[in-house]
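# Examination of the molecular architecture
Listed here are the chains, written in short residue letters.
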Amino acid sequence: MRSLLLLFLCLPVVQLFAQTPTQTVRGKVFDSETNFPLNAVKISIEVNDGKQYRALSTPEGTWEITKVPVGKYELTASYAFYDSKAMTIEVSSGRELILQIPLQEKISDKGEVKVVTKKRGEVINEMALLSAQQFSVAETNRYPGSRMDPARMASNFAGVNGADDSRNDIVVRGNSPLGVIYRVEGIDIPNPNHFAIAGSSGGPVSIINNKILGNSDFFMSAFPAEYGNSTSGVFDLKLRNGNNKQHEFTGQFGFLGTEFLAEGPLSKNGKSSFLAMGRYSTLSLFQTLGIQIGTSAIPVYGDGAFKFNWQLKNGGQLSLFAIGGASNIAIMISDKKEYSQEFYGEGDRDQYFGTSMFTTGLNYKKTLSEKTYISSTLAFSQEEQHTNHDYLRGRAVDTLTQTIHFDTLYAMMAYKYTIRKLSSYTAVNHKINKQHLIKAGIILDVMNMNFLDSCLTNLDNENSWQVRWDYQGTAALIQPFVQWKWRINDNMDFSAGLHAQYFTLSNSLSPLEPRIGWKYRMKGNQAIFAGGGLHSQTQPYYTYAYHVMPNQPNNPASNMHLGFTKSIHSGIGYEKSFNKGFNIKTEAYYQHLYNVPVSMTPSSFSMINVGSGFSRLFQDSLQNTGTGYNYGLELTVQKYFDKSFFFLFTGSVFDSKYKGSDGIVRNTSYNGNYVVNLLAGKEFKINAKNTIGIGFKVTRAGGKRYGLVDVAATNAAKEILFLDSAFNDFKFKDYFRMDLKISWRKNADRVTHEIGLDLVNLLNTRNLLSLTYNPAILPQDIANPNYQPYSQNTQLGFLPIFYYKIDFKAAKK
């Protein structure tokens, strides 16, 4: 560790009087509601010595400023009858800075009156008035512990909590991670994570690489009407275009993989561009070098993405895009010679697990007139998960040598789930006048599902096979929507919308889901806002096709009748913006959930607790009679990164309860009651070319919920089962984690070098995650009549993640 720190301190020992590198800053400015390009917008960049660089936008909305010195500066865009906009930009030598700047038209017709700069961090979607947050690529890089992952970055927001350090599942306002969806170009994509369990929304490593993203939105409850099939949160991800004038490249090597990105123009006229990247895991290399990575099994994964963009002669824009990845791991207990506590839980089997997903599609955008804009996407997606388990029969441990042996090895379980999906999205924005905006559209998903699963009913009988899933079928999910925004005046907005949802597999219909939002901006850069809405969500698709009585003739799937889980969201809040990017926001919310699937037999089970970790759901016939509620209060105190410093404090206190089919109100599995995050970072400019950055993050949260173990049922099922009587009554000790990130960046001529070290869980705090099945295997345990067949499973320990990144651009001919 000392040598690494010395490396960072010694790196900037370079020429102190080197000439400051420069870079081109350019982009496009347009109307935020219609995407119509704006002509003659004044763009200004003020550098540290007071010098200003200026440009005017063309009739196509484009603008360009050359030879801007590298560094961080304030950029402003101003235009008659539009609100001005200010943002902090970071100019580096290895890559041109290309910005998309939406401006909002003012209601009052008073010419170039004094305008009020909009608060930083406002979301891209103009219909969202509450419970929403914009995030940038820079934030996924800058926040310690985020690992350049949008989901882990979002866990720093008020109301959001990570469910497991080893995965990026997120709990939004006490809701299961099942309720989180990812959207790209208007369509919902499969779980974009490696080693993703069927029906979940998270995983250990994200397939989405932040280098292909532009600024994007994250919504938490009461989101606008165009978003459906979710009761929790929505990532609305924007894929950026490649550079249409200059070929640029990025290479990165680190703990999470080796990756390469290329982008540039497809033709000399600058009307088209490409962007392509790929990444492959490097964990096997570190294992070969003797570096411990926390497990003896080596995860192998790779992912990639591309986007081709063409400007058409008719003024439209056509894009071809794709995102995808594949992963696998083999946990071979039969190869081990010495007993280890790592083998408890499922140490009686070899496990082979693999997943893959991809989405590819065409998107067409066109500004039909100054008032009307259309966007349409046609896409195809596939997700697949497969597993094989081989049982180690007669496994035992030699007490003298501490070695393990077994009698025979045979198959005990296998499954393969595949979902292929054809998706379409079409939406039209029409600006009736300055005050009224209408957006209407429809989302259609047609899915082909193939679920196959078999296992042994008796582990000691290798011929006792049963079929739990054997389903092939097709279903459609149809989601029309319409939303309206009324800008009552320059200080008050109101939005209203309707969303409908129909799922053919279960014949479920949610005909009218109203959504409303309201925001009033007061003097002193203050605002109050409120909103609410009704939301619906399908269940994980494989749960519909589960067979309660395997191997029975004419045995239908047991849960084809399940309807949507429904949720009513409401929220109210206040915010105040200060100078220099300082902002305070507080929000209170209440959410009522109903039609939640619970078991027909009275029990504590509820779908409200499902969705995190690596386990699938095995549950008999379900019914939509469960309920739940979440309420809480959130506080955000933030200083946006401007010249050299940022900090973010978020705090949430909440309560999350549910009622199963036995009628008892209990804590949900995600009811930690509070979450607090504190992040801060500072950059030190050593000279014109070299910068050192340091940041830290501290998180404290309520501990995980658990109950009393049903010992007899646990031994019979060989997995942890809790008694209904005390389910989720207990909590592990509170969670605490500190992360530290150190980076060095050098801007040379046409090249930017960056080295970073992210020290996750710096203090190696042993936070508790769950109880794990730990059968008696040692002779002294077998002889102990009071032996409890479980152990405490800890979360991720200290994990240093380093990377080296280089951005460079090709020399112009």
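Residues numbered from 1 in each chain as written. Predicted model: local features only at pLDDT ≥ 70, side-chain atom pairs only at ≥ 80, totals over all residues. Heavy atoms only, no water.

### Some details on the overall build of the chain
A tally of regular secondary structure across the chain gives 7 helices and 45 strands. In terms of overall size, the chain behaves like a compact globule, its C-alpha atoms giving a radius of gyration of 27 Å where 813 residues would be expected to give roughly 28 Å. Here the chain holds 813 residues, and the buried ones make up 57% of them. In the chain, 67% of the contacts between residues at least 6 apart in sequence involve partners at least 24 apart. Counting every atom, the chain has about 33000 Å² of accessible surface; 58% of that belongs to carbon and sulfur. Side-chain charges of the chain comprise 82 positive and 68 negative groups, with the mean position of each set lying 9 Å from the other. (Helix = DSSP H or I, 4+ residues; strand = E, 2+ residues; numbered from the N terminus. Rg over C-alpha atoms; globule rule 2.2 N^0.38 Å. Buried < 20%, exposed > 50% of the residue type's maximum accessible area, 1.4 Å probe, protein only. Contact = heavy atoms within 4.5 Å. Areas by Shrake-Rupley, 256 points an atom, 1.4 Å probe, with all protein chains shown as cover. Lys, Arg positive; Asp, Glu negative; His and termini not counted. Charge placed at Lys NZ, Arg CZ, Asp CG, Glu CD.)

### Remarks on the packing of aromatic side chains
Geometry of an aromatic ring pair is reported as the spacing of the ring centres plus the angle between the planes. Evaluation of the coordinates by the stated rule reveals 38 aromatic pairs. Plain terms: the ring middles of Phe249 and Phe808 are 5.3 Å apart, the flat faces sit at 25 degrees to each other, and that makes the pair stacked. Of this pair, Phe249 sits in strand β17 (residues 248-254) while Phe808 sits in strand β45 (residues 799-809), and the two are 559 residues apart along the sequence. Seen from their ring centres, Phe582 and Phe647 are 6.0 Å apart, and the 50 degrees between their planes marks the pair as tilted. In this pair, Phe582 is assigned in strand β33 (residues 582-599) and Phe647 in strand β35 (residues 645-659), connecting sequence segments 65 residues apart. (Phe/Tyr/Trp six-rings, centres within 6.5 Å; stacked < 30°, edge-to-face > 60°.)

### A look at the sheet that holds strand β6 (residues 85-91)
Spatial strand order, β3-β2-β5-β6: 4 strands in an open sheet with antiparallel pairing. Two strands bound the open sheet, and with one partner strand each, they are β3 (52-56) and β6. Going from strand to strand, the sheet's axes swing by 25 degrees on average, the running direction of each strand aside. In this structure, strand β2 (residues 42-46) lies alongside strand β5 (residues 71-78), joined through 5 bridges in antiparallel fashion. (Pairing = 2+ DSSP bridges. Axes fitted to C-alpha atoms, helices over the stretch in contact; angles between N-to-C directions.)

### A look at the pattern of salt bridges
On inspection of all chains with the given rule, the structure shows 37 salt bridges. With its nearest N and O atoms 3.0 Å apart, the salt bridge here joins Lys365 to Glu185. In this pair, Lys365 sits in strand β22 (residues 349-367) while Glu185 sits in the loop between β11 (180-184) and β12 (187-189), placing the two residues 180 residues apart along the sequence. By relative accessible area, which is 13% here, Glu185 ends up buried. Each of Arg95, Arg240, Glu248, Glu263 and Asp807 takes part in a single network of salt bridges with overlapping partners. (Salt bridge = Lys/Arg side-chain N within 4 Å of Asp/Glu carboxyl O.)

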